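# Geometric and topological summary
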Amino acid sequence: MSSRVAVVTGSNKGIGLAIVRDLCKKFPGVVYLTARDVGRGGEAVASLSSEGVTAMFHQLDINDLSSITAAAAYFKDKYGGVDVLVNNAGIAFKVADDAPFAVQADVTLKTNFFATRDMLTHFLPIIKAGGRVVNVSSFVGVRTLNMCSAALQQRFRSDDITEDELVTLMQQFVDKTKTAEHKQAGWPETAYGVSKTGLTTLSMILARRLSKERPNDGILLNACCPGWVRTDMAGPKAPKSPEEGAVTPVYLSLLPAGATDPHGKFVSDKEVQADGLKGCGGLSRMDFCSRLRWFIEWTFPPAGSLSICQTLERQPLIRCSVPLNRQVVLYLYLSVDSAAPVFPWERFNNLAPDLRLATVTSRTSVEREETRRRGTGEEEEEVKRRRGTGEEEEEVKRRRGTGEEEEEVKRRRGTGEEEEEVKRRRGTGEEEEEVKRRRGTGEEEEEVKRRRGTGEEEEEVKRRRGTGEEEEEVKRRRGTGEEEEEVKRRRGTGEEEEEVKRRRGTGEEEGEVKRRRGTGEEEEEVKRRRGTGEEEEEVKRRRGTGEEEEEVKRRRGTGEEEEEQTHINPPHVTSVRAGGDIVDFRERQYQTTRTVAA
Ligand SMILES: NC(=O)c1ccc[n+]([C@@H]2O[C@H](COP(=O)([O-])OP(=O)(O)OC[C@H]3O[C@@H](n4cnc5c(N)ncnc54)[C@H](OP(=O)(O)O)[C@@H]3O)[C@@H](O)[C@H]2O)c1
């Protein structure tokens, strides 16, 4: 009767299984892996056992009230109650699922909200003094709430919302989807999101009730988000492993005896998200970045990479660029202090209220000092000294190792500092001189190799293309004759030929050709070259040197020629998948349509 016991629902796989594994190692008592299916549960227990981890098993289907009551009676009888309960079981329809929305709403809320509530109804009375209750919810619930009508938001966020009122609201959502009136009633088009808004709200209601009805029992009840985790639910692209996803639920399960906080909170990455559903003011920079990254990756699964260019300490504006596809880079301008962003926020579900962030430090003093040093020649002298003593080289290595360099580069890009510096260096001739020096010492060559090896080059190219910088640079170089001169130099030294071979070998050339064809760039370039007579001249040159003949032979050999004839007009990408929605970029209008309707 006296053993301490922990129970985790839906723990035969995914995050639940990882929670059980970790609890088995850290919880001073018995840990129960539970599953609705006895076979799948048994297999999971056996697989843990093969790792040397011992978990107990009990059948528990949260959608089946008799299964819940039987399990509650079992734990009450055998252990006198439960010390740790993790409500982890949950479901989500895949984005591509074509089940009608009303069905998705009904089924999703049944498990994630109503069945989890049944669990809480029957297990809270048997949670022992000092117990811990963790409801695995999601940030999606917070985001979803921000998409609800003002009236609904007000109710969910109020401190006096009751369990009955919440249940009525959740049922109202399900009912309204049946007549397709949910939008009119102020609900967004996400069943999973609404279910998690409900679960987070329920957690806060029940925590308040526990404090009131069992003030001396020291029970702590919280909701949490595990992050975006690689499981059957979220797919293989998610950044966190199930073990990483288990960190926060386990942390909340093992809050030390006597702790009074967190209680009734929404927790992520082991940190309370300020006011839970009320917004996330005062986030640390790390929190903010990881949360934003998570949000965007979740909303725009195709976005290959996200760079958060500006950080909080430096400037009251944060600019993120999200390459949605090759033609569209989405810029998010996040206002740190005013919640008045430049971007059409309705597309982003009112993320803005979550971004009321506090500390902003002025850059002015730093800039003033830099200008002074430049004026007096101090800077130049210092640079020479550092180069001479090898200090610079050492510093560069250190910064690369610690990731500082990368972060700085992002910062400078975000604030426009980089661009400004480039202009200054060009104006004073510094750039030209530096280029010569680097070429002479072989530094350039070495740097190029490094950047290619680490993928930095490729990333930079993508960024420049997205922002239009590349195009602008090309025009400038053409205007000043720099391009022509460079081409001659490269031809003379054989650099060009070598580069062409390299690009062919690595497949880079082929990738670039496809891209240019897709975006229409190639076609435009061809027209330009034809207009200026450049093409004709080039053709003559290639014929004279025998290059053309050689190229024709190569293309025939590799089948490229044939491929070209079948891929003249690839379709242009006009929309991307965003969560359950299709974001349509035609005519640059941001429209939303449901996947199933599309
Ligand atoms: N993965 C993420 O990125 C992510 C993000 C935020 C929140 N979450 C939440 O984290 C929790 C775990 O998700 P996961 O990613 O680990 O998903 P998962 O791999 O699909 O696992 C879900 C688990 O829940 C169980 N389950 C479903 N319905 C049940 C029921 N009626 N009774 C008992 N068990 C049931 C499943 O059992 P079966 O094997 O029998 O189906 C399975 O064990 C969910 O609440 C989810 O909403 C996940």
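Our structure's up above, just so we're on the same page.
No experiment lies behind these values; they were computed from the predicted model shown. (Residues numbered from 1 in each chain as written. Predicted model: local features only at pLDDT ≥ 70, side-chain atom pairs only at ≥ 80, totals over all residues. Heavy atoms only, no water.)

### Structural notes on the site of the ligand
In the vicinity of the ligand, 29 residues are found, and the nearest of them are Arg36, Asn88, Tyr192, Val229 and Thr231. Lysine 196 places a side-chain nitrogen or oxygen 3.0 Å from an oxygen atom of the ligand. Valine 229 places a polar main-chain atom, nitrogen or oxygen, 2.7 Å from an oxygen atom of the ligand. Considered on its own, the ligand offers 890 Å² of accessible surface; in the complex 96% of this is hidden by protein. Broken down by secondary-structure element, the contributors of at least two residues to the shell around the ligand are helix H1 (14-26) and helix H8 (191-213). (Near = heavy atom within 4 Å. Polar contact = N/O pair within 3.5 Å; in protein donor to acceptor, adjacent residues only side chain to side chain. Areas by Shrake-Rupley, 256 points an atom, 1.4 Å probe, with all protein chains shown as cover. Helix = DSSP H or I, 4+ residues; strand = E, 2+ residues; numbered from the N terminus.)

### A closer look at the pairing of strand E4 (residues 82-87)
A regular strand places its side chains so that they alternate between the two faces of the sheet. Where burial is concerned, most of E4 is hidden: six out of the six residues are buried. Relative to E4, strand E1 (residues 5-8) is paired through three bridges, and the arrangement is parallel. What sits directly across from alanine 6, in E4, is valine 84. Across five bridges, the pairing between E4 and strand E5 (residues 127-136) is parallel. Bridge assignment links asparagine 87 to a residue of E5, and that residue is asparagine 135. Remark: the E4/helix H4 (residues 101-123)/E5 crossover connection has right-handed handedness. (Buried < 20%, exposed > 50% of the residue type's maximum accessible area, 1.4 Å probe, protein only. Pairing = 2+ DSSP bridges. Right-handed = clockwise from strand over helix to strand, strands pointing away.)

### Some details on the state of the cysteines
Using the criterion set out here, one finds zero disulfides in the structure. Left unpaired, cysteine 225 is separated from the closest cysteine sulfur, that of cysteine 224, by 7.2 Å. Relative accessible area serves as the criterion here: at 1%, cysteine 225 is assigned to the buried category. (Disulfide = S-S within 2.5 Å.)

### Concerning the pairing of E1
Neither face of E1 is open: one carries Val5 and Val7, the other Ala6 and Val8, and all of them are buried. Note that the unit made of E1, H1 and strand E2 (residues 30-35) has a crossover that is right-handed.

### Observations concerning a negative patch on the surface
Taken together, the side chains of Glu380, Glu381, Glu432, Glu433, Glu484, Glu485, Glu536 and Glu537 make up a negatively charged region of the molecular surface. Counting only elements with at least two residues in the negative patch, the list comes to helix H12 (378-389), helix H16 (430-441), helix H20 (482-493) and helix H24 (534-545). For glutamate 380, the position within the fold is in helix H12. By relative accessible area, glutamate 380 is classed as exposed at 54%. (Patch = residues over 30% accessible without salt bridge, like charges linked within 9 Å, V, L, I, M, F, W, Y side chains within 5 Å. Salt bridge = Lys/Arg side-chain N within 4 Å of Asp/Glu carboxyl O. Lys, Arg positive; Asp, Glu negative; His and termini not counted. Charge placed at Lys NZ, Arg CZ, Asp CG, Glu CD.)

### What about the sheet that holds E2?
Spatial strand order, E3-E2-E1-E4-E5-E6-E7-E8: eight strands in an open sheet with mixed pairing. Of all strands in the sheet, those bounded by a partner on one side alone are strand E3 (56-59) and strand E8 (271-272). Inspection of the sheet shows E2 paired to E3 by four bridges, in the parallel sense. When the bridges of E3 are listed, threonine 34 appears paired with histidine 58.

### Some thoughts on the pattern of salt bridges
When the charged atoms of two side chains with opposite charge come close together, those side chains can pair. Counted under the stated rule, the structure contains 16 salt bridges. Arginine 209 serves as the salt-bridge partner of glutamate 163, at 2.5 Å between the closest nitrogen and oxygen. Taken as a pair, glutamate 163 in helix H7 (residues 163-178) and arginine 209 in helix H8 lie far apart in primary sequence, 46 residues in all. The salt bridge partner of arginine 214 is aspartate 217, with a shortest N-O separation of 2.6 Å.

### Observations regarding the packing of H20 against helix H21 (residues 495-506)
H21 packs onto H20 with a crossing angle of 85° between their chain directions and a minimal axis gap of 5 Å. The angle between H20 and H21 falls in the class roughly perpendicular. Residues Val487, Arg489, Arg490, Arg491 and Thr493 of H20 lie in contact with H21, whose contacting residues are Glu495, Glu496 and Glu499. (Axes fitted to C-alpha atoms, helices over the stretch in contact; angles between N-to-C directions. Parallel < 35°, antiparallel > 145°, perpendicular 65-115°, else oblique. Contact = heavy atoms within 4.5 Å.)

### Remarks on the nonpolar core
If you look at soluble globular proteins, the nonpolar side chains tend to sit buried side by side. If you look at the biggest cluster of nonpolar residues, it comprises 47 residues, and the most contacted ones within it are Phe75, Val82, Phe123, Met170 and Trp187. Broken down by secondary-structure element, the contributors of at least two residues to this core are E1, helix H3 (65-79), E4, H4, E5, helix H6 (150-157), H7 and H8. For this core, the element with the highest residue contribution is H4, accounting for nine residues. For tryptophan 187, the residues in contact, after removing those within four places along its chain, are Cys148, Leu152, Phe156, Leu169, Met170, Gln172, Phe173, His182 and Val194. (Core = buried A, V, L, I, M, F, W, Y, C linked by side-chain atoms within 4.5 Å.)

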